[in-house]
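Residue strings, one per chain:
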Amino acid sequence: MTQPLIEVRGLGKAYGDFHALRGVDFVIGDGEFVSIIGPSGCGKTTLLKILAGLTTPTAGEVLIEGRAVKSPGPERAVVFQTFVLLPWADVLTNAAFGLEARGLGKAERTRLAREQLRRVGLESFEEHYPHQISGGMQQRVGLARALAVDPRILLMDEPFGALDAQTRHLLQDDLLQLWQEDKRKTTIFITHSMEEAVYLSDRVLLMDTRPGRIQETIEVDLPRPRDASARRTPEFIDVTSYIWERLRDSLQEPTAGAGR
């Protein structure tokens with residue numbers, strides 16, 4: 001692992017007597033791409049919201065470079081599964097929204113937003129509105145908006161989960177290319193897809209329920225840069241199969257409750 005950037009220590013989140021998360025511990029190095037996968041209801045999204053500073057834990061802490069996370073911060077940006085675009089604003093305005101919230105002048109935020117739209121292949125759609133573009137294109141706008149503020153940490157909550165398989169594969173490839181170009185921005189990626197987790201990541205954190213916790217850390221020893229050919233390698237198939245076996249074991253065990 002590279003120099004630690006994010007430390008999660010004894011993290012818990014309870015809603016009354018129900019514990020969505022308990023005793024969550026892990027460290028993420030600077031420049032790592034880490035996916036988090038687990039059964040539905042194991043608390044993945046709750047964990048990501050705590051990392052983003054959008055939800056407060058009831059136990060433990062999250063540290064970024066030794067500083068406790070208490071609220072959202074400029075070093076973090078979030079890409080959600082739902083596109084969360086402003087329906088009354090065009091693509092350029094949506095891509096620049098985070099920059100406007102940070103107080104940049106119009107000329108500078110327009111320049112930065114246009115650069116990121118170009119990187120995600122939407123330079124010809126600046127004047128379109130969300131209802132005029134496809135779901136995959138809407139998610140590209142969301143990614144451009146996150147990248148435009150140049151965060152040190154990118155938090156992604158199943159960003160491709162609502163897309164068809166073909167679009168999802170294309171966006172995975174695009175994300176890897178952007179990540180490589182950005183000198184491997186530290187990324188935490190929530191997903192339900194074993195193949196997606198293995199294809200994108202340096203490590204996969206496997207979560208379990210009863211309550212939500214990190215069950216196992218799985219190293220992904222696939223060379224970078226990666227392309228679609230990586231999916232056909234024995235290493236990819238072996239790691240994906242192993243994750244499925246561990247998930248299947250979790251799903252077959254009796255549960256005491258579901259996470260959020």
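Structure: above.
Being a predicted model, the structure only gives us computed values, none of them experimental.

Engineer: I'd like to hear about the sheet that holds strand β6 (residues 76-79), residue by residue, with values.
Structural biologist: Pairing within the open sheet is mixed, and its 6 strands lie in the order β6-β7-β8-β3-β9-β10. For this open sheet the edge positions go to β6 and β10 (213-219), each flanked by a neighbour on one side alone. Along the sheet, successive strands turn relative to each other by an average axial angle of 20°, direction set aside. Strands β6 and β7 (153-157) of the sheet are contacted by helix α5 (residues 135-148), whose axis makes an angle of about 175° with β6. Together, β3 (33-37), β9 (203-208) and β10 form the strand contacts of helix α8 (residues 234-252), whose direction differs from that of β10 by roughly 165°.

Engineer: Pulling in residues and values, what's your account of a negative patch on the surface?
Structural biologist: A cluster of like negative charges, contributed by Glu219, Asp221, Glu235 and Asp238, occupies part of the molecular surface. Take Asp238: it is sitting in helix α8. The exposed category is assigned to Asp238, whose relative accessible area is 53%.

Engineer: Explain α5 residue by residue, including any values.
Structural biologist: Residues spaced three or four apart along an α-helix face the same direction, because each turn holds 3.6 residues. Taking 1.5 Å per residue as the helical rise, α5 with its 14 residues ought to reach 20 Å, and the 20 Å between its terminal C-alpha atoms agrees with that figure. For α5, the tally of buried residues reaches 13 of 14 residues, placing the bulk of the element in the interior. Looking one or two places after α5, you find Asp150, whose phi comes out positive at around 50°.

Engineer: I'd like a rundown of unusual backbone geometry, residues and numbers included.
Structural biologist: In this chain, Arg224 is followed by Pro225 through a cis amide linkage whose omega measures -5°. Structurally, Pro225 is set in the loop between β10 and α8. Positive phi is not limited to glycine here, since Glu158 has a value of about 45°. Mapped onto the fold, Glu158 is located in the loop between β7 and α6 (165-181). The backbone of Lys183 sits at a positive phi, close to 55°, despite the residue not being glycine. Counting through the fold element by element, Lys183 comes out in the loop between α6 and β8 (186-190).

Engineer: Pulling in residues and values, what's your account of the environment of Arg231?
Structural biologist: Note on placement: Arg231 falls in the loop between β10 and α8. Looking at Arg231, the relative accessible area reads 17%, which means it is buried. Spatially, the C-alpha atoms of Arg231 and Tyr199 are 7.0 Å apart, while their sequence positions differ by 32 residues. Excluding residues that lie within four positions of it along the chain, Arg231 makes contacts with His169, Gln172, Glu195, Tyr199, Phe236 and Ile237.

Engineer: Talk me through the environment of Arg67; I want residue IDs and the actual numbers.
Structural biologist: By the secondary structure assignment, Arg67 is in strand β5 (residues 67-68). By relative accessible area, which is 53% here, Arg67 ends up exposed. Each C-alpha atom of the pair Arg67 and Ile6 lies 9.4 Å from the other, and the pair is 61 residues apart in sequence.

Engineer: Give a description of the sheet that holds strand β4 (residues 59-64) that names residues and reports values.
Structural biologist: Spatial strand order, β2-β1-β4-β5: 4 strands in an open sheet with antiparallel pairing. Pairing within the sheet leaves two strands with one partner each, and these edge strands are β2 (18-29) and β5. Sheet topology places strand β1 (residues 4-15) next to β4; 5 bridges connect them, and they run antiparallel. The partner of Ile6 across the bridge, within β4, is Ile64. Across the sheet, helix α1 (residues 44-52) is in contact with β1, β2 and β4; its angle to β1 comes to roughly 125°.

Engineer: Before we move on, can you summarise the side chain of Gln172 with the specific residues and values?
Structural biologist: Note that Gln172 resides in helix α6. Classification of Gln172 as buried rests on a relative accessible area of 2%. Apart from the residues within four sequence positions on either side, Gln172 is in contact with Phe160, Glu196, Tyr199, Leu200 and Arg231.

Engineer: Go over the packing of aromatic side chains, please, and point to the residues and values.
Structural biologist: Within this structure, the stated rule accounts for 3 aromatic pairs. Ring plane angle 75° and centroid distance 5.7 Å describe the contact between Phe33 and Trp179, whose orientation is recorded as edge-to-face. Separated by 146 residues along the polypeptide, Phe33 in strand β3 and Trp179 in helix α6 bring together distant segments of the chain. Judged on exposure class, the residue Phe33 and its partner Trp179 are both buried. Residues Phe33 and Phe189 carry aromatic rings whose centres are separated by 5.9 Å and whose planes lie at 40° to one another, so their mutual orientation is tilted. Here the residue Phe33 occupies a position in strand β3, and Phe189 occupies one in strand β8, the gap between them amounting to 156 residues. Residues Phe33 and Phe189 agree in their burial class; the two are buried. One aromatic cluster is present, built from ring pairs that chain together Phe33, Phe160, Trp179 and Phe189. We note Lys13 situated over the ring of Tyr15; from NZ or CZ to the ring centre the distance is 5.4 Å. For Arg231, the ring lying beneath its charged end belongs to Tyr199, and the centroid distance is 3.8 Å.

How each quantity is defined
- Residues numbered from 1 in each chain as written.
- Predicted model: local features only at pLDDT ≥ 70, side-chain atom pairs only at ≥ 80, totals over all residues.
- Heavy atoms only, no water.
- Pairing = 2+ DSSP bridges.
- Helix = DSSP H or I, 4+ residues; strand = E, 2+ residues; numbered from the N terminus.
- Axes fitted to C-alpha atoms, helices over the stretch in contact; angles between N-to-C directions.
- Contact = heavy atoms within 4.5 Å.
- Patch = residues over 30% accessible without salt bridge, like charges linked within 9 Å, V, L, I, M, F, W, Y side chains within 5 Å.
- Areas by Shrake-Rupley, 256 points an atom, 1.4 Å probe, with all protein chains shown as cover.
- Salt bridge = Lys/Arg side-chain N within 4 Å of Asp/Glu carboxyl O.
- Lys, Arg positive; Asp, Glu negative; His and termini not counted.
- Charge placed at Lys NZ, Arg CZ, Asp CG, Glu CD.
- Buried < 20%, exposed > 50% of the residue type's maximum accessible area, 1.4 Å probe, protein only.
- Expected span 1.5 Å × (residues − 1).
- Phe/Tyr/Trp six-rings, centres within 6.5 Å; stacked < 30°, edge-to-face > 60°.
- Lys NZ or Arg CZ within 6 Å of the ring centre and 35° of its normal.

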